[in-house]
Every structure is written in C-alpha cells, then in structure tokens.
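If you want the building blocks of each chain, they are given just below.
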Amino acid sequence: MTSRDPNQFSWEFSEPVFLHRIDPARNMARFYEISLEPSLFGDLAIVRRWGRIGCRGRFRLDFCDSADDAYLRIERLLASKRRRGYGPDRSG
C-alpha cells in the first residue's frame, strides 16, 4: 500500500489515508489512519486508527447510511487533523 496525499483523493474501499505528527522537541510521534469500508450490514464504515508510531494504537468504527454522509464526515475529520498539525506520511 502506498500513502496518498490527503488533500487530493478519490475514495475507494480499503485505500487508507495515513497522516503523521512528529515533534521531537515534545517527544511526539503520532499516526492517524482513516479508511472507508463496506460493513456486513450493507452500510459503510469509517475506520479510524490512531496512536504513537510503533505502537498498536486504538481504533474506532463509525457507520454511515450513505456515501455522501461518509465522505463529508471523512473530510471533516481530515480537516480537524490538519488543523492539529498532522500531515501526509512521508516515509514512502
């Protein structure tokens, strides 16, 4: 899997967006991953994972009835992370 620019994307299932926030002065090395997946119930699930780089981290599932609702929620979540200093994964 390759990382993608979160500012330019067309969503496809199982194509996560990876963001990092690294600040050595604050001993901060965090990751955030978000993807859109079909659920077993016919709706869509926004899958989010976050935590310290190198650790397992946490995850959360948010279910959406429509693709439009899912895309809007994802855009809001990514905008919030960008405001907090997260940026694209540049590790390759």
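Residues numbered from 1 in each chain as written. Predicted model: local features only at pLDDT ≥ 70, side-chain atom pairs only at ≥ 80, totals over all residues. Heavy atoms only, no water.

Under the defined criterion, the tally for this structure stands at 1 aromatic pair. With a centroid separation of 6.4 Å and 65° between ring planes, the pair formed by Tyr 32 and Tyr 86 is classed as edge-to-face. Of this pair, Tyr 32 sits in strand 2 (residues 28–38) while Tyr 86 sits in the loop between helix 1 (67–83) and strand 5 (87–88), and the two are 54 residues apart along the sequence. The exposure class of Tyr 32 is buried, given its relative accessible area of 2%. Classification of Tyr 86 by relative accessible area gives buried; the value is 9%. (Phe/Tyr/Trp six-rings, centres within 6.5 Å; stacked < 30°, edge-to-face > 60°. Helix = DSSP H or I, 4+ residues; strand = E, 2+ residues; numbered from the N terminus. Buried < 20%, exposed > 50% of the residue type's maximum accessible area, 1.4 Å probe, protein only.)

In this section: unusual backbone geometry. Not every positive phi belongs to a glycine, and Asn 27 is a case in point at roughly 55°. Residue position: Asn 27 is located in the loop between strand 1 (17–23) and strand 2.

Quick look at the pairing of strand 1 now. As judged from the 7 bridges shared by strand 1 and strand 2, these two strands associate in the antiparallel manner. In the strand pairing of strand 2, Asp 23 is matched with Met 28. The antiparallel pairing of strand 1 with strand 2 creates a hairpin that spans 4 residues between the two strands, and Asn 27 there sits at a positive phi of about 55°. As defined by bridge partners, strand 1 adjoins strand 5 across 2 bridges and the pair is classed as antiparallel. Of the residues in strand 5, the one forming a bridge with His 20 is Gly 87. (Pairing = 2+ DSSP bridges.)

This paragraph deals with the environment of Ile 53. Among the structural elements, Ile 53 can be located in the loop between strand 3 (44–52) and strand 4 (58–64). The exposure class of Ile 53 is partly exposed, given its relative accessible area of 36%. For the pair Ile 53 and Phe 31, spaced 22 residues apart in sequence, the C-alpha separation works out to 5.7 Å. Once residues lying within four places of it in the same chain are set aside, the contact partners of Ile 53 are His 20, Ile 22, Ala 29, Arg 30 and Phe 31. (Contact = heavy atoms within 4.5 Å.)

For an α-helix the count is 3.6 residues per turn, leaving residues at separations of three or four pointing the same way. With 17 residues, helix 1 extends 24 Å between its outermost C-alpha atoms, agreeing within 8% with the 24 Å of an ideal straight helix rising 1.5 Å per residue. When we look at burial in helix 1, the residues that qualify are Ala 70, Ile 74, Leu 78 and Lys 81. Buried residues of helix 1, viewed axially, fall in a sector of 65°; they line one side. Seen from the buried face of helix 1, the exposed residues on the opposite side, beyond 90 degrees, are Asp 68, Arg 76 and Arg 83. (Expected span 1.5 Å × (residues − 1). Arc of directions from axis to C-beta.)

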